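Listed below, chain by chain, are the residues.
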Amino acid sequence: QVQLVESGGGLVQPGGSLRLSCAASGSIFSAYSMGWYRQAPGKQREFVARISRSGLIRYAGSVTGRFTISRDSAKNTLYLQMDSLKPEDTAVYCCNSREQYYSDYNLRAGDWGQGTQVTVSS
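Residues numbered from 1 in each chain as written. Predicted model: local features only at pLDDT ≥ 70, side-chain atom pairs only at ≥ 80, totals over all residues. Heavy atoms only, no water.

S.K.: Tell me about the sheet that holds strand β8 (residues 77-82), and please be specific about residues and values.
M.R.: If you trace the four strands from one edge of the open sheet to the other, you get β1-β3-β8-β7, paired in antiparallel fashion. Two strands close off the open sheet at either side, each with one partner strand: β1 (4-7) and β7 (67-72). Sheet twist, expressed as the mean angle between neighbouring strand axes with direction ignored, is 20°. Of the strand pairs in this sheet, β7 and β8 are connected by six bridges, and their pairing is antiparallel. Among the inter-strand pairings, R71 is bridged to a residue of β8, identified as L78. (Pairing = 2+ DSSP bridges. Helix = DSSP H or I, 4+ residues; strand = E, 2+ residues; numbered from the N terminus. Axes fitted to C-alpha atoms, helices over the stretch in contact; angles between N-to-C directions.)

S.K.: Go over the packing of aromatic side chains with me, naming the residues and quoting the values.
M.R.: When we look at a pair of aromatic rings, we describe it by the centre distance and by the angle of the planes. In this structure the tally under the stated criterion is four aromatic pairs. Ring geometry for Y37 and F47: centres 5.7 Å apart, planes at 65°, overall edge-to-face. Taken together, the residues span a long stretch of sequence, with Y37 in strand β4 (residues 33-39) and F47 in strand β5 (residues 46-52) at a distance of 10 residues. For the pair Y37 and F47, one class covers both residues: buried. On the numbers, 5.0 Å between centres and 65° between planes, the contact of Y37 with W112 is edge-to-face. With Y37 in strand β4 and W112 in strand β10 (residues 111-112), this pair connects stretches of sequence that are 75 residues apart. For Y37, a relative accessible area of 0% gives the class buried. Classification of W112 as partly exposed rests on a relative accessible area of 21%. (Phe/Tyr/Trp six-rings, centres within 6.5 Å; stacked < 30°, edge-to-face > 60°. Buried < 20%, exposed > 50% of the residue type's maximum accessible area, 1.4 Å probe, protein only.)

See the structure below:
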């Protein structure tokens, strides 16, 4: 099991930007994949973005063109750059690490961070 710690959340106005970070105890490049999920109040957790060990990237349709997932080997950190934020992006964002393949829509597999709150509001 790896330890994952998210940071970078906060309050931002619609149209603004935030960059979330996920620091991992193990190498993020050794995981089969790493991704971001979010959960809004009263809603189920949902897939946001994932990057595989080989570098393949997938985004949820709701964030495509606005969010960018990336990783930094020197800092052993996963990032989620969020631009053009909308109120519906408000949620707790969690980092996820997996050691083998699971569907992006498997909402339980792997290790999870505690989450960081993102609030988009005027």
